[in-house]
Amino acid sequence: MIAIRDLHKSFGDHKVLDGITIDVERGTTFVVLGGSGSGKTVLMKHVIGLLKPDSGTVLVDGIEIPKLEGRELTEARRMFGMVFQGAALFDSMTVYDNVAFPLHERQRGIKPSELRERVIEKLKVVDLDEDVLTKFPAELSGGMRKRVALARAVVHEPKVVLYDEPTTGLDPITTAYVDDMILSAKQRLGVTSMVISHDIASAFKVADRMAVLYDGHLAAQGTPEEVRRSDHPYVQHYLSMWFEKQ
Ligand SMILES: Nc1ncnc2c1ncn2[C@@H]1O[C@H](COP(=O)(O)OP(=O)(O)OP(=O)(O)O)[C@@H](O)[C@H]1O
């Protein structure tokens, strides 16, 4: 579903991505782990076409993203739903308006009754019921805001959901909520997901496959078990930060 092929990207003489190849199978969750500044966001920006590679390419559902411009790129971006760090909801809009927003933008002629049905259906996917529709983001807990953000990301039925550090800065209970939410979006909606994160515990819960980005390369890639057994010194050091605490 997502094929990243030998991707290279430098800013000036700072080489950020130095030959990244990743395959994300349809309906699975792939987590890219890496320390601060390792290039996770730069990688994600190539997937949605916000950055162009120096060489290599990205295919999403067979479409070569770096080749697209203007309207074609806008069109291709409909394949994606994004969940950003923080919940990034519109504070002055109710939950209903927040979730309805992307659908309203994409399907101008949609009937109000259908819009409402789709919003309620997606809120159900994230275990929220109709009582929240009239609430404002400030009235919700952190975990609920994340759920609303996911409902908004999937309301237009994207093929791919991208999560940008979904658990950064959250307390353990909210983190567990978010992990469950990522798993349930996969199970209930069958979406393909890519998560960038430095939360090792969370990555090991949600990933079907994962990679550790280090010094422009993938220091390890595979199932969580394979990555855990990697003998790469950086991967061992990076994972020990969490596994030794257990
Ligand atoms: N537009 C840009 N111009 C110049 N340098 C950039 C640009 N975007 C990113 N970089 C550099 O690329 C490197 C990787 O940045 P990136 O944001 O991808 O890191 P990250 O792994 O997402 O880090 P974090 O976990 O802290 O968000 C950093 O050194 C950053 O300064």
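The rules behind each value
- Residues numbered from 1 in each chain as written.
- Predicted model: local features only at pLDDT ≥ 70, side-chain atom pairs only at ≥ 80, totals over all residues.
- Near = placed C-beta within 6 Å.
- Helix = DSSP H or I, 4+ residues; strand = E, 2+ residues; numbered from the N terminus.
- Nonpolar A, V, L, I, M, F, W, Y, C, P; charged D, E, K, R; others polar.
- Expected span 1.5 Å × (residues − 1).
- Buried ≥ 20, exposed ≤ 12 C-beta atoms within 10 Å, placed from the backbone.
- Arc of directions from axis to C-beta.
- Contact = placed C-beta atoms within 7 Å.
- Pairing = 2+ DSSP bridges.

S.K.: How would you explain the site of the ligand if you had to name every residue and give the values?
M.R.: In the vicinity of the ligand, the contacting residues are Phe-11, Val-16, Gly-34, Ser-36, Gly-37, Ser-38, Gly-39, Lys-40, Thr-41, Val-42 and His-198. No other element matches the three residues that helix 1 (residues 40-47) contributes to the shell around the ligand. Across the shell around the ligand, the residue classes tally to three nonpolar, seven polar and one charged.

S.K.: Break down helix 4 (residues 112-125) for me, citing the residues and quoting the values.
M.R.: Between its first and last C-alpha atoms helix 4 spans 20 Å; for 14 residues at 1.5 Å apiece the expected length is 20 Å, and the two agree. Those residues of helix 4 that sit buried are Val-119, Lys-122 and Leu-123. For helix 4, the buried positions fall inside an angular range of 105° around the axis, keeping them on one side. Summarising the geometry of helix 4, the exposed residues directed more than 90 degrees from the buried face are Ser-113, Glu-114, Glu-117 and Glu-121. Contacts from the buried residues of helix 4 go to helix 3 (95-106) and helix 5 (142-154). Two residues or fewer past helix 4, Asp-127 is found with a positive phi of approximately 60°.

S.K.: With reference to specific residues and values, describe the pairing of strand 6 (residues 80-83).
M.R.: Because side chains alternate across strand 6, one face comprises the buried residues Gly-81 and Val-83, and the other comprises Phe-80 and Met-82, none of which is buried. Where strand 6 and strand 7 (residues 160-164) come together, four bridges link them in parallel fashion. Among the inter-strand pairings, Gly-81 is bridged to a residue of strand 7, identified as Val-161.

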